[in-house]
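A look at the structure
So the chains spell out like this:
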Amino acid sequence: MKKVFVVMLLVTASLAAAQTSLPTGTALKMKLETTLATFSNKSGDPFSARVTEPVVLDGKTVIPIGTTVQGRVTKTSEPRRIAGKPTIAMFPETLVLPNGDRFILNATLVDTNARHGTDVNTEGQFKGAGHDGKDLTQIGMGTGGGMLIGGLAGGGEGVLIGGAIGATATVTHWLAKHRSATLPAGTELVMELNRPMVMSAPAGQ
């Protein structure tokens, strides 16, 4: 009986030694291999990315470069109003090591190298740029153009009326315009684990 107990302890210790637990908040840096866009993707579409920096724990590489991250798009939106921002939300599901081992992945997007007014919100959604200086300039040009035409037609009062008409027409145009966002293949992403991730023996040194 004692021998069986000792063997069980040895097996348990061996299994524990063969597992590694990555803590919550561990960062995974990767490059997107699938282009994602609000105008072409929908909820449920797959995406993949490739790990670009090894994840090291206690001096051992747990997730090597080249590991694949697979997941799906959970939301895309293209708002029509100026103040809105287009949105791409993604959910990573699986981590595939170079040796073929697969692990369930629970992580959230926290950053990208896309700039120009884009950001990632607290829910892990990529937000494209909203209205910018170019939009406001064109709205101003529309207002100014309306004032000029109104002034030529009716003097001072015509300036006010023309400005109102020009602004209304221009704003209406921009309100009706779709805002799109794109994450091209090659975009750098940073995701963080939402919970500890238990894996098998380290993939390498």
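Residues numbered from 1 in each chain as written. Predicted model: local features only at pLDDT ≥ 70, side-chain atom pairs only at ≥ 80, totals over all residues. Heavy atoms only, no water.

Counting 31 residues, the largest nonpolar core has I63 and M199 as its most contacted members. For this core, the secondary-structure elements that each account for two or more residues are β2 (27–32), β4 (46–51), β6 (60–63), β7 (68–77), β8 (87–96), β10 (107–112), β14 (188–193) and β15 (197–199). (Core = buried A, V, L, I, M, F, W, Y, C linked by side-chain atoms within 4.5 Å. Buried < 20%, exposed > 50% of the residue type's maximum accessible area, 1.4 Å probe, protein only. Helix = DSSP H or I, 4+ residues; strand = E, 2+ residues; numbered from the N terminus.)

This next bit is on the pairing of β7. Two elements, β4 and β7, share five bridges in a ladder whose sense is antiparallel. Along β7, the bridge assignment pairs S48 with Q70. With nine bridges connecting them, β7 and β8 associate as antiparallel partners. The residue bridging K75 from the neighbouring strand is A89, located in β8. (Pairing = 2+ DSSP bridges.)

This brings us to the confidence of the model for the protein chain. The predicted model of the protein chain has a mean per-residue pLDDT of 78, with 63% of residues at 70 or higher. Scored below 50 in pLDDT, residues 4–17 shows zero contacts in the model against residues more than four places distant or in partner chains. Considering only residues more than four positions removed or in separate chains, one finds that residues 142–153, a stretch of pLDDT under 50, has 19 contacts. (pLDDT = per-residue confidence, 0-100. Contact = heavy atoms within 4.5 Å.)

Tracing the backbone through its elements, the reader meets T112 in strand β10. Judged by its relative accessible area of 5%, T112 is buried. Note: C-alpha distance between T112 and K31 (81 residues apart in sequence) is 9.4 Å. Apart from the residues lying within four places of it in its own chain, the contact partners of T112 are V120, F126, T187, E188 and L189. At 3.1 Å, the side chain of T112 and the backbone nitrogen of A114 are in polar contact. (Polar contact = N/O pair within 3.5 Å; in protein donor to acceptor, adjacent residues only side chain to side chain.)

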